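Here is what each chain is made of, one letter per residue.
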Amino acid sequence: MADVFVSYARTDEQCAVRVCENLVSAGYKVWRDDQLPAHRAYGEVIEERLKGAKAVVVLWSAEAAKSQWVRAEADSARSVGTLIQASIDGVTPPLPFNQIQCADLAGWDGSETNGWTKILASVAALAPLAGKGSGAAPRRLSQSLSVCVLPFQNMSGDPEQEYFSDGISEDITTDLSKISALGVIARNTAFTYKGRAVNVCDVASTLGVSHVLEGSVRKAGTRVRINAQLIDGASGDHVWADRYDRELDDIFVIQDEISKAIVTALRLTLLPSEKHAIEQRGTTDAHAYTLYLMARQYWASGNIGDPRREQRVMRICKRAVEIDPNYADAWALLALAQSNLHYMFGELVDDGFVAANAALSINPQVAEAYCAMSRRLEERDQVDEAVAEIAKALALDHDSHEVNKEAGRLAFKQRRFEDAVHHYEIATAMMGGDFHSWAMLVSCNKALGRNDAVQHCATMMVSEAEKALAQDPSNGAALGIAAGGMAITGQLDRAREWIERALLIDPDNNNMRYNFACVHALCLDDHDGAISLLASTLPNSKSHLRTAESDPDLDALRDDPRFNDLLQRTRVQFGLSVDAPFAT
């Protein structure tokens, strides 16, 4: 049976063929109606293939929107949670499908565009390929020239400098992706090779790229040394290599030189607009840039639920914007940290509104800044306005990890689980190691009755959390997520052992204690334990209170008078109406 079913109007067959070819190249079994056997009824075969597919890709166009066959196939997929949508001519899907996220494939030529990346990420989440632990499909790019930027090695002799080498790798990936004639493997896929000894030719073959860029970074004081080499994926020969030994202030020049050297080595033509895009940086100050990379690393890998993560990021970003007041990205990250400190931990800091406005006044295209705007509106019960702010952010950057996490969180609290799944799937595809989003996918899929997806996501919870714990054994959030995943996958004794360990190591982690309450209610059938944990959690966090009001993981407690009494008392404590919970 095929992994993916492709639905389309007959007039759009050329695009459908391109979609199928790219999915097959990525390793999927694909079915479309050119494979109909001559001896069976059309409708019977269509229904069989639809039911058997793990993902159904519907290609909307003006003609497809008129087709009863396409509408029926889309509705069938929507009812079982396998629907993935793309607009190939800019048309908005018809009702009710216009309420579901839709990738943009207008004018798509088969290259690695944002729209196609979104399609692949959704297919990978619904139909994970065997042997791909991350759930993400290898992306064989259709361009004759394509590249994977492997994570540059940190040669500084200091693990704390890892953020810098990772940041350089990510920025070079971003620069190369601006070149229309060059296909570039997404950062998350490339970073699955981090810390591994690999054969470059094997990497190229697995990912279907023509070239691989690898290198190393050594940062010491005000000096930086970068070695980089571009390797032919078929032969293993060096196409280009160079070493840069400069002052740290030259870091942006080095990145530009590497990108342009690759263009020259591959004999590509760099358009003026592409040259300008590559040369655009959020800051011209190397020290501010270094601080931002450091803050971003702490934000991505820190202990969720421990306010020290946010406090550290806030301090670093404040220093970055002191150095360069026009650094919009640093202002946006500062806004995210302040928003969490204010609303999740109740600290007396600004809620990120000022910092978000500062970011947008410098660069209105910084999507992450809208997250803080949305959170403020949501906390003031202006939910429609909050959704509108997130929509602005998604329009600016629908692949942003942070924007999708915030969009998923907001959808989850409104019990819009289909939308939440969509956003959390993108978050996991865009950022490796995001065990929290895998945990949220478990909750969403559980609410939707998708048991196979629940088990897959729970396995990923454990896998990704254990990777984080290998880096920091005291990461309470990772301990909590791992324990939850173990419980969901039936490892109950092991889960109880890990819960006990986690509470000893990080007893004040509110986020972890809330997650353990969900585990007790959902998996361990221990209402007493769940309510006890919530009683020590909800009074410390209005954010967790509001989540508890609508969290499907706690539905088993909703008929328990102790749970409802706890909710009401905590609402009174925070000055909220006892008659109007945030979501139902």
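Everything below is about the structure printed above this text.
Parameters at a glance
- Residues numbered from 1 in each chain as written.
- Predicted model: local features only at pLDDT ≥ 70, side-chain atom pairs only at ≥ 80, totals over all residues.
- Heavy atoms only, no water.
- Helix = DSSP H or I, 4+ residues; strand = E, 2+ residues; numbered from the N terminus.
- Rg over C-alpha atoms; globule rule 2.2 N^0.38 Å.
- Buried < 20%, exposed > 50% of the residue type's maximum accessible area, 1.4 Å probe, protein only.
- Contact = heavy atoms within 4.5 Å.
- Pairing = 2+ DSSP bridges.
- Axes fitted to C-alpha atoms, helices over the stretch in contact; angles between N-to-C directions.
- Parallel < 35°, antiparallel > 145°, perpendicular 65-115°, else oblique.
- Left-handed = near helix turned anticlockwise from the far one by under 90°.
- Nonpolar A, V, L, I, M, F, W, Y, C, P; charged D, E, K, R; others polar.
- Expected span 1.5 Å × (residues − 1).
- Phe/Tyr/Trp six-rings, centres within 6.5 Å; stacked < 30°, edge-to-face > 60°.

A. Quick peek at the overall build of the protein. Tallying secondary structure elements over the protein gives 26 helices and 11 strands in all. Against the compact-globule benchmark of 25 Å for 584 residues, the protein has a radius of gyration of 24 Å, which places it among compact chains. For the C-alpha atoms alone, the extent of the protein along its principal axes is close to 75 × 70 × 45 Å. The burial tally for the protein puts 56% of its 584 residues in the buried class. The contacts in the protein between residues at least 6 apart in sequence include a share of 62% that link residues at least 24 apart.

B. Spotlight on the sheet that holds strand β2 (residues 30-31). Taken in spatial order, the five strands of this open sheet run β2-β1-β3-β4-β5, and their pairing is parallel. Each edge of the open sheet carries a strand with a single partner, namely β2 and β5 (103-104). As paired elements, strand β1 (residues 4-7) and strand β3 (residues 55-60) share four bridges and run parallel to each other. Paired with S7 across the bridge in β3 is V58. Strands β1, β3 and β4 (83-87) of the sheet are contacted by helix α4 (residues 68-80), whose axis makes an angle of about 145° with β3.

C. Geometry of unusual backbone geometry. At D381, a residue that is not glycine, the phi angle is positive and equals roughly 65°. Residue position: D381 is located in the loop between α15 (369-379) and α16 (383-396). Not every positive phi belongs to a glycine, and R415 is a case in point at roughly 65°. Here R415 lies in the loop between α17 (401-413) and α18 (417-430).

D. Summary view of the packing of α18 against helix α19 (residues 435-447). Packing of α18 against α19 brings their axes to within 9 Å, and their N-to-C directions diverge by 155°. What the angle tells us is that α18 and α19 run roughly antiparallel. Classified by chirality, the crossing of α19 by α18 is left-handed. Along the contact surface, α18 presents F417, A420, V421, Y424, E425, A427 and T428, while α19 presents S437, W438, M440, L441, C444, N445 and A447. Of the residues assigned to the contact of α18 with α19, the class counts are 10 nonpolar, three polar and one charged.

E. Summary view of helix α20 (residues 451-471). The first and last C-alpha atoms of α20 sit 31 Å apart over 21 residues, in line with the 30 Å expected at 1.5 Å per residue. What α20 keeps buried is the set V454, C457, A458, M460, M461, V462, E464, A465, A468 and L469. Against the buried residues of α20 lie α19, α21 (476-488) and α22 (492-505).

F. Inspection of the packing of helix α23 (residues 510-522) against helix α24 (residues 527-535) at higher detail. Orientation of α23 relative to α24, taken along the N-to-C sense of each, is 165°, at an axis distance of 8 Å. Between α23 and α24, the angle falls in the class roughly antiparallel. Seen from above, α23 lies across α24 with left-handed handedness. Contacts from R513, Y514, F516, A517, H520 and A521 in α23 reach G529, A530, L533 and L534 in α24. Partitioned by chemical class, the residues of the contact of α23 with α24 number seven nonpolar, two polar and one charged.

G. View of the packing of aromatic side chains. Under the definition given, this model contains six aromatic pairs. With a centroid separation of 4.6 Å and 25° between ring planes, the pair formed by W108 and W116 is classed as stacked. Relative to Y327, the ring of Y292 lies with its centre 5.4 Å away and its plane at 55°, an arrangement referred to as tilted. You can see Y292 sitting in helix α11 (residues 286-301) and its partner Y327 sitting in the loop between α12 (307-323) and α13 (328-343), a full 35 residues away along the chain. The exposure class of Y292 is buried, given its relative accessible area of 13%.

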